[in-house]
Amino acid sequence: LGCRVVAGRRRTSFSREKLAILAELSEGVAVALKQARLDAAVREKTIKLQRTIEELQYTRQQLDREERLNSLGKMASGMVHEFNNSLSPILGFSDLIIKRPEILDDRPRLLRFLRNICTAAHDAASTVDQLREFYRPRRVEEERRPVDLQSMLSSAIALATAKLAADETNSRKRHDVQTDFNAVGPVMGRETDLRQALINLIYNAAEAMPEGGTIRVSLREIDTNVAIEVSDSGVGMDEETRQRCLEPFFTTKRRTGSGLGLAMVY
């Protein structure tokens, strides 16, 4: 405000009005410069933010892809596990018929073996059919149907014991499967899934008895529900195994176990 303009030798003081205008203009220029700097900073931050968003979107896409591949890998491993379970009794019963031709003369026994082979083959086909779930959901009518649990359990035990018997041919261990079935009505469910769950539980029980033992399968009604229990006289689980036994790929059998039996049951 104390500035002066020197023109030649004459000094002229600004009037208060001119000084006010000059101050206002200076303030306006300062504000404009500050706003320009802010705009530039905002543009820079916006560009950085946009790049960050694009990087996050790319990372998310990669994570989604990895998750899908991981899920696909688990599903494929589960399918292989269940498919092998279905093939075992087919091979077992077929091998038994081939090695013991006299079975062909025992018509009731032969028919029983053939029914078990047929059931196992249908279960194997159903396992492969589950791949459809990756590209279309199940229809409502596919979800649950009336299941005769006693018949389902009998077929599951027959199929499981066929594999156990084959494993026992070169060893001294023996697995005795006992049943305790109470009369119950049909329940709504998917018979193939239930049978595969029971087969896995029986296999798991047998593996818990390295020297052989007794497996007990019971069926009874509890209030308005139906309970199926599989127990064994094996070594049991320590606390760490109990906490992790349902995790996919967790196994205490390092060389032979896939770690998918109980995970598939779950």
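Residues numbered from 1 in each chain as written. Predicted model: local features only at pLDDT ≥ 70, side-chain atom pairs only at ≥ 80, totals over all residues. Heavy atoms only, no water.

Enquirer: Explain the overall build of the chain here, please?
Expert: On a plain count of helices and strands, the chain comes out with 7 helices and 7 strands. If you list the helices and strands of the chain from N to C, you get β-β-α-α-α-β-α-β-β-α-β-β-α-α. Across the 266 residues of the chain, 26% fall into the buried class. Total accessible area computed for the chain in this model is approximately 19,000 Å², and 53% of it derives from carbon and sulfur atoms. (Helix = DSSP H or I, 4+ residues; strand = E, 2+ residues; numbered from the N terminus. Buried < 20%, exposed > 50% of the residue type's maximum accessible area, 1.4 Å probe, protein only. Areas by Shrake-Rupley, 256 points an atom, 1.4 Å probe, with all protein chains shown as cover.)

Enquirer: Explain the pairing of strand S6 (residues 213–222) here, please?
Expert: Successive residues of a regular strand alternate their side chains across the two faces of the sheet. Two elements, strand S4 (residues 175–181) and S6, share 7 bridges in a ladder whose sense is parallel. Along S6, the bridge assignment pairs Gln178 with Arg216. Note that S6 and strand S7 (residues 225–232) share 8 bridges and pair antiparallel. Residue Arg220 lies in a different strand from S7, and its bridge partner there is Ala227. Hairpin connection, S6 to S7: the antiparallel pair is bridged by 2 residues, and Asp223 has positive phi, about 55 degrees. (Pairing = 2+ DSSP bridges.)

Enquirer: What exactly am I supposed to notice about helix H5 (residues 191–207) here?
Expert: Residues spaced three or four apart along an α-helix face the same direction, because each turn holds 3.6 residues. The first and last C-alpha atoms of H5 sit 24 Å apart over 17 residues, in line with the 24 Å expected at 1.5 Å per residue. Within H5, the full set of buried residues consists of Thr192, Arg195, Gln196, Ala197, Leu198, Ile199, Asn200, Ile202, Tyr203, Ala205 and Ala206. (Expected span 1.5 Å × (residues − 1).)

Enquirer: What should I look at first to understand the packing of aromatic side chains in this one?
Expert: Centre-to-centre distance and the angle between the planes together describe a pair of aromatic rings. Per the stated rule, a full pass over the model turns up 1 aromatic pair. Relative to Phe113, the ring of Phe93 has its centre 4.9 Å away and its plane inclined at 45 degrees; by these criteria the two rings are tilted. Taken as a pair, Phe93 in helix H1 (residues 16–99) and Phe113 in helix H2 (residues 107–129) lie far apart in primary sequence, 20 residues in all. Here Phe93 matches Phe113 in class, with each residue buried. (Phe/Tyr/Trp six-rings, centres within 6.5 Å; stacked < 30°, edge-to-face > 60°.)

Enquirer: Quick question: what am I supposed to make of the environment of Phe113 here?
Expert: Given the relative accessible area of 6%, Phe113 is considered buried. Apart from residues no more than four positions distant in its own chain, Phe113 is found in contact with Phe93, Leu96, Ile97 and Ile103. (Contact = heavy atoms within 4.5 Å.)

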